[in-house]
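Examination of the molecular architecture
Chain residues, written in single-letter form:
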Amino acid sequence: MEAAAASSDSPANGRKPPPSAVRWMKPDVRPKLAELMGAKAEPADVAAFQKGCYDAERLAIERGEHGPQALWREISKRVLHPFKHPLALHQWVAGFVFDAAVWDVATLGPAPLWTPTADACADTNLARFMRDFSRHLKAEGLACPEWERGCTGDPAADWPLLQRVSYDHPTLFWPLVLEKLGIHFETPPTRVLDAPANAWLPGARLNIAESCFAKRDPEMDAVVYADPGGAVRRLSRGELRAKCVEVMNALRAAGFAPGDRVAIDMAMHLESVCIYLGLVLAGCVAVSIAESFSAGEIASRVRISEAKAIFASEHVHARIVEGGVKRCIVVPPGAHDGGALATTTNLADGGDGHQAWADFMRAGKLWAKQHGNCATHVCASDDISNILFSSGTTGDPKAIPWSHVTPIRCGSDAFAHHDIRERDVVCWPTNLGWMMGPWLLYAALLNGAAVALFHGSPTDRLFPKFVEQARVTMLGLVRRRPAPPSRARASRAPPPTAPRRRPGADDGERVAAVEDGRRVGLGADPLLLVVGRGVEPRGVPLADGDGRVRTATRLGHGAGGRQTHGSHFLRPARLPYPSTGTSP
């Protein structure tokens, strides 16, 4: 990327530059830049880079933007290049900009290497929500003095106020959230929250999976995935729902009834998505088990959840048999998309209760011919839809039930904190055995976005190609830290990153999340939307479905999604927690 144009007040022109910009021209700076840029860098390139940093600071000051945040925004946009310049150079320049004299890490935390412009703040789900919230209150004849007095119209200034309103006035706040997410009720709730009973949406009857399809464009993409040959294919919402109905029919044919608990021990691919949503639509309870677990770990989760059966990938079947699980449907890879319909594993090893996927689905088609397609089962809001588990490192794993209300939290988090929008494509390599698997489905589908599924490891060389071909607009990854040398390996979970790109926006966009480790929530279903308050410069905090607070920042891209910012991190936000004791 070309450096900024030469200025009329540069030292070469004999005019006095801004005092802070002079530091870029100190004699010791150019040798350090040459060292970091590498042996192949020409002296002219080093000089142009040094001059570009100087001019970037001059431009920021001329616009009245003082401080390291404004300077970094200019340098990362106009001077640094992610492919041309090595990471060590990005890191050194960042340290030079945010040196101890201007940024006290002990007081302010890690330096925020991205801060949004006013236009970027205004063009977000959360900013539009704030504008609509004011109109919603007026249209409904509702009063919220706290919001009316404090709202400035500037989303960067108003989101701490919105957090307080969401906590103090849930009956005013949540109806608009439900409207934004398109939550479909067969029977609307009598109120938003029954505080004495700690019950959300009491009296409501719904099936949360139906909200992924109801009143939505059936032609809109729902899943983007790679077929067995590696070609990227797309499945519309109408097509996905039809496949889920086929699963529902097969569940009824197999004798499963609403409320029955059925486990899933599969990788995150098209079949497992259809099975998960089919179970929820049928009123059954999906029991999440990670495919990496041993036979004993699988058996303990089946026992604790009282699951009547388990769906398992072929490569997991031997562990299912070893664990003594009596009933299993074995799903071969690519079963929904031209892959092998016949399983290659020996079903006889598991006894009569072990069944091939093809036989299971064939019985469902016969059942549908006799009875018609299975209808969506309408549930009470507090009926269980999913059972997840704690890690089990200190004994038996603890069951974590999700009601039909809990996934609304997934959708609201994605709406507010990941800024997921209609027709986005969301890719987050994960597994239905962990919270992020169900979170991903609801986060994308409730916001009108598609889920991108890569059947393999994100470290595979094919993964970046898939991300490009699938046109992913939000990519979530986990940055792993080495575990301490301990037998227990009881280290905290590594912080996730959630890069985001929105082609066509100003320089593009990408989001990264940095975990802060604090927890938020409200009651059995942590449904409180948390929009935290930071000190300048503010980031965009987010809380996942388990309530762990993270902070998001955007990274810029040039034309075609080319990244134009350097190394990016953001300090965690400091959130104002009410002192009522309801936030664990």
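Residues numbered from 1 in each chain as written. Predicted model: local features only at pLDDT ≥ 70, side-chain atom pairs only at ≥ 80, totals over all residues. Heavy atoms only, no water.

What follows covers the nonpolar core. Counting 92 residues, the largest nonpolar core has L240 and F311 as its most contacted members. Sort the elements by how many residues they give to this core and helix α12 (residues 270-281) lands first, with nine residues. In contact with L240, other than residues within four places in its own chain, are F213, A222, V223, L235, V273, C274, L277 and L445. Membership of the second largest hydrophobic core comes to 25 residues, among which are L33, M37, V93 and W103. (Core = buried A, V, L, I, M, F, W, Y, C linked by side-chain atoms within 4.5 Å. Buried < 20%, exposed > 50% of the residue type's maximum accessible area, 1.4 Å probe, protein only. Helix = DSSP H or I, 4+ residues; strand = E, 2+ residues; numbered from the N terminus. Contact = heavy atoms within 4.5 Å.)

In this section: the sheet that holds strand β6 (residues 261-265). Strands sit in the order β10-β9-β8-β6-β7-β12-β13 across an open sheet of seven strands; the sheet is mixed. Every other strand in the sheet has two partners, leaving β10 (354-356) and β13 (399-403) as the edge strands with one partner each. Neighbour-to-neighbour, the strand axes of the sheet open up by a mean angle of 25 degrees, direction not taken into account. Bridging between β6 and strand β8 (residues 309-313) involves four bridges; their strand directions are parallel. Each residue of the ladder has a partner; that of D265, found in β8, is A312. Where helix α13 (residues 295-305) meets the sheet, it contacts β6, β7 (285-288), β8, β12 (384-389) and β13, and its direction lies at approximately 145 degrees from that of β12. In the packing of helix α17 (residues 436-445) onto the sheet, the strands contacted are β7, β12 and β13, and the crossing angle to β13 comes to about 15 degrees. (Pairing = 2+ DSSP bridges. Axes fitted to C-alpha atoms, helices over the stretch in contact; angles between N-to-C directions.)

Turning our attention to the packing of aromatic side chains. If you walk through the whole model with that rule in mind, you get 17 aromatic pairs. Taken together, a centroid distance of 6.3 Å and an interplanar angle of 75 degrees make the contact between F129 and F415 edge-to-face. Of this pair, F129 sits in helix α7 (residues 125-139) while F415 sits in helix α16 (residues 406-417), and the two are 286 residues apart along the sequence. The pair F129 / F415 is uniform in exposure class, with both members buried. (Phe/Tyr/Trp six-rings, centres within 6.5 Å; stacked < 30°, edge-to-face > 60°.)

Attention now goes to unusual backbone geometry. The phi torsion at E306 lies on the positive side, around 60 degrees, for a residue other than glycine. Checked against the element boundaries, E306 lands in the loop between α13 and β8. The backbone phi angle of D419 is positive, close to 60 degrees, even though this residue is not glycine. Looking at the element boundaries, D419 is found in the loop between α16 and β14 (425-427).

Moving on, we get to the sheet that holds strand β5 (residues 232-236). Within the open sheet, the five strands sit side by side as β5-β4-β15-β14-β16. Their pairing is mixed. The two strands at the open ends of the sheet, each matched to only one other strand, are β5 and β16 (474-475). By the bridge criterion, five bridges tie strand β4 (residues 221-226) to β5 in an arrangement that is antiparallel. The partner of D221 across the bridge, within β5, is S236. The strands touched by helix α11 (residues 237-253) are β4 and β5; relative to β5, the strand with the most contacts, the crossing angle is about 80 degrees.

Think of two packed helices as two axes; the pair is described by the angle between the axes and how far apart they sit. In contact at an axis separation of 10 Å, helix α10 (residues 170-181) and α16 are set at 85 degrees when each is read in the N-to-C sense. By the angle between their axes, α10 is roughly perpendicular relative to α16. Contact residues: W174, V177, L178, K180 and L181 in α10; I408, G411, S412 and F415 in α16. A class-by-class count of the residues in the contact of α10 with α16 yields six nonpolar, two polar and one charged. (Parallel < 35°, antiparallel > 145°, perpendicular 65-115°, else oblique. Nonpolar A, V, L, I, M, F, W, Y, C, P; charged D, E, K, R; others polar.)

The next thing to look at is the confidence of the model for the protein. In the predicted model, the protein carries a mean pLDDT of 78, and 75% of its residues have values of at least 70. Scored below 50 in pLDDT, residues 484-584 shows 305 contacts in the model against residues more than four places distant or in partner chains. (pLDDT = per-residue confidence, 0-100.)

Another aspect to go through is the side chain of N447. Structurally, the position occupied by N447 is in the loop between α17 and β15 (450-453). The contacts of N447, once residues within four sequence positions are left out, are L181, G411, A414, F415, I420, R421, E422 and Y442.

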